[in-house]
Amino acid sequence: MLAVIGGTGFSELVGLEGVQGEDIETPYGMSYVEGGEIADVPVLFLPRHGHPPRFPPHRINYRANIDSLARMNVDEIVAVSVVGSVDPLLSVGDLIVPDQIVDYTRDRDGTFFDDEISHIDFTFPYDESVRQKLISALQSLPDDRYQTTGVYGCTQGPRLETAAEVRRLTNDGCSIVGMTAMPEAALAREKEIAYAGISLVVNSGAGLNDQEIDLDGISIILEQGMLRITNVIEALIRNSL
Ligand code: HPA
């Protein structure tokens with residue numbers, strides 16, 4: 001079964017019919033998952049910041065979230081997020097299906113393997129088959145503002161970066177910066193769930209232009225972007241029928 005993980009501005013999956021929400025208890029704490037259908041296909045939706053949204057990126061219970069999806073027999077995850085651009089060729093409003101991650105987070109509970117010696121391969125942190133489904137869905141829509149690769153630099157937050165930190169991200173080869181891909185992607189891999197993401201650029205990274213970042217001013221971009229991502233998810237589901 002497919003699950004969609006929603007982030008900032010994406011606290012519900014528009015188009016999901018017959019929604020039933022449930023608090024799920026896991027050994028790692030509580031999670032909240034909604035079940036429903038799109039085009040008669042069962043789909044789960046998990047708002048990663050909680051329901052209502054209240055957990056900042058560094059306080060999200062990533063393990064409870066991924067464990068609850070594993071318990072519900074999820075085998076594919078599409079993770080939605082908002083990001084800042086690092087690559088100067090990207091613009092606000094672009095959608096990215098990243099293919100790599102650099103992890104700058106710290107002090108997050110990032111593994112299910114605390115009591116055993118077990119190492120996952122993470123050479124390619126995003127599942128290529130789910131990535132290709134997202135890319136095919138994008139290609140089937142009129143929306144042409146998207147990139148099919150990108151390196152997601154995941155920072156600890158909740159503050160935004162300094163200009164020098166964004167220069168460092170550039171030097172490290174990152175193209176976008178956000179706060180939620182890790183440990184989410186690694187935990188999904190540990191549970192053998194195929195995980196890929198789609199990110200909306202809502203601002204230029206710190207220092208890339210002369211202005212400071214005004215995340216309060218992004219609501220229209222966010223609203224339109226999330227509608228576009230909803231269309232992508234619907235297309236992905238319809239294309240797999
Ligand atoms: N940095 C980190 N996370 C973000 C940003 C940013 O500039 N924009 C949206 N999420």
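Preceding this section is the structure that the text describes.
> Looking at this structure, I do not really get the overall build of the protein. What am I missing?
Secondary structure assignment for the protein yields five helices and 11 strands. Here the C-alpha radius of gyration of the protein, 17 Å, is about what a compact globule of 241 residues would show, namely 18 Å. By its C-alpha atoms, the protein is 45 × 45 × 30 Å across when sized along the principal axes. Split into buried and exposed, the 241 residues of the protein put 51% on the buried side. The contacts in the protein between residues at least 6 apart in sequence include a share of 80% that link residues at least 24 apart.

> Mind showing me how you'd approach the site of the ligand here?
Taken together, V82, V83, G84, L160, E161, V177, G178, M179, V202 and N203 make up the full set of residues near the ligand. Within the contact set of the ligand, a nitrogen atom lies 3.3 Å away from a backbone nitrogen or oxygen of G84. Contacts to the ligand include E161, whose side-chain N or O atom sits 2.7 Å from a nitrogen atom. Burial of the ligand by the surrounding chains reaches 95%, relative to a free accessible area of 260 Å². Those elements that provide at least two residues to the shell around the ligand are β5 (76–85), β10 (176–178) and β11 (194–204). Across the shell around the ligand, the residue classes break down as six nonpolar, three polar and one charged.

> Mind showing me how you'd approach the packing of aromatic side chains here?
For any two aromatic rings, the description comes down to two numbers: the centre-to-centre distance and the angle of the planes. A complete count under the given rule lists three aromatic pairs for this structure. Taken together, a centroid distance of 6.2 Å and an interplanar angle of 15 degrees make the contact between Y126 and Y195 stacked. Residue Y126 is located in the loop between β7 (100–103) and α2 (128–139), and its partner Y195 is located in strand β11; the two are separated by 69 residues in the primary sequence. The ring of F112 is capped by K191, whose NZ or CZ atom sits 4.4 Å from the centre of that ring.

> What is the right way to read the side chain of N65 from this model?
Along the chain, N65 turns up in helix α1 (residues 62–71). In this structure the side chain of N65 is engaged in a polar contact, spanning 3.1 Å, whose partner is the side chain of S31. Dropping the residues within four chain positions of it, N65 is found in contact with S31, L46, R48 and I60.

> How should I be thinking about α1 in this particular structure?
Each full turn of the α-helix corresponds to 3.6 residues, which orients residues three or four apart in the same direction. Burial analysis of α1 places eight of its 10 residues in the buried class, which makes it a mostly covered element. Buried residues of α1: Y62, R63, A64, N65, I66, D67, S68 and L69, and no others. Buried residues in α1 make contact with β1 (2–6), β2 (17–26), β3 (29–38), β4 (41–47), β5 and α4 (184–190). At the C-terminal side of α1, N73 shows a positive phi close to 60 degrees.

> Looking at this structure, I do not really get the state of the cysteines. What am I missing?
Structurally, a disulfide amounts to a covalent bond that connects the sulfur atoms of two cysteines. Taken as a whole, this structure holds zero disulfides when the rule is applied. Free of any disulfide, C154 has its nearest cysteine sulfur in C174, 10.0 Å distant. Owing to a relative accessible area of 5%, C174 belongs among the buried residues under this scheme.

> Can you help me understand the pattern of salt bridges in this one?
When the charged atoms of two side chains with opposite charge come close together, those side chains can pair. Summed over the entire model, instances satisfying the criterion amount to 12 salt bridges. Of the charged contacts in the structure, one is a salt bridge between D94 and R145, with a shortest N-O distance of 3.3 Å. Of this pair, D94 sits in the loop between β5 and β6 (95–96) while R145 sits in the loop between α2 and β8 (146–147); the two residues are 51 residues apart in sequence, bridging distant segments of the chain. D94 sits in the buried class, given a relative accessible area of 9%. The partly exposed category is assigned to R145, whose relative accessible area is 35%.

> What is the right way to read the nonpolar core from this model?
Buried together is how nonpolar side chains tend to be arranged in soluble globular proteins. In this structure, F10, L13, I198, I229 and I233 are the most contacted members of the largest nonpolar core, which totals 32 residues. The set of elements that each furnish at least two residues to this core consists of β1, β4, β5, α2, β11 and α5 (219–239). Among the elements that take part in this core, α5 stands out by supplying eight residues, more than any other. Leaving out residues up to four positions away in the same chain, I233 has contacts with V4, F10, L13, V78 and V80. In terms of nonpolar packing, the next biggest core, distinct from the first, is built from 31 residues, V74, I101, A188 and V201 among them.

> So what exactly am I meant to see when it comes to the side chain of S81 here?
Residue placement: S81 occurs in strand β5. Overall, S81 belongs to the buried group, its relative accessible area being 5%. Side chain to side chain, S81 and S199 meet in a polar contact 2.9 Å long. In contact with S81, other than residues within four places in its own chain, are R48, Y152, T180, I198, S199 and L200.

Procedures and definitions
Residues numbered from 1 in each chain as written. Predicted model: local features only at pLDDT ≥ 70, side-chain atom pairs only at ≥ 80, totals over all residues. Heavy atoms only, no water. Helix = DSSP H or I, 4+ residues; strand = E, 2+ residues; numbered from the N terminus. Rg over C-alpha atoms; globule rule 2.2 N^0.38 Å. Buried < 20%, exposed > 50% of the residue type's maximum accessible area, 1.4 Å probe, protein only. Contact = heavy atoms within 4.5 Å. Near = heavy atom within 4 Å. Polar contact = N/O pair within 3.5 Å; in protein donor to acceptor, adjacent residues only side chain to side chain. Areas by Shrake-Rupley, 256 points an atom, 1.4 Å probe, with all protein chains shown as cover. Nonpolar A, V, L, I, M, F, W, Y, C, P; charged D, E, K, R; others polar. Phe/Tyr/Trp six-rings, centres within 6.5 Å; stacked < 30°, edge-to-face > 60°. Lys NZ or Arg CZ within 6 Å of the ring centre and 35° of its normal. Disulfide = S-S within 2.5 Å. Salt bridge = Lys/Arg side-chain N within 4 Å of Asp/Glu carboxyl O. Core = buried A, V, L, I, M, F, W, Y, C linked by side-chain atoms within 4.5 Å.

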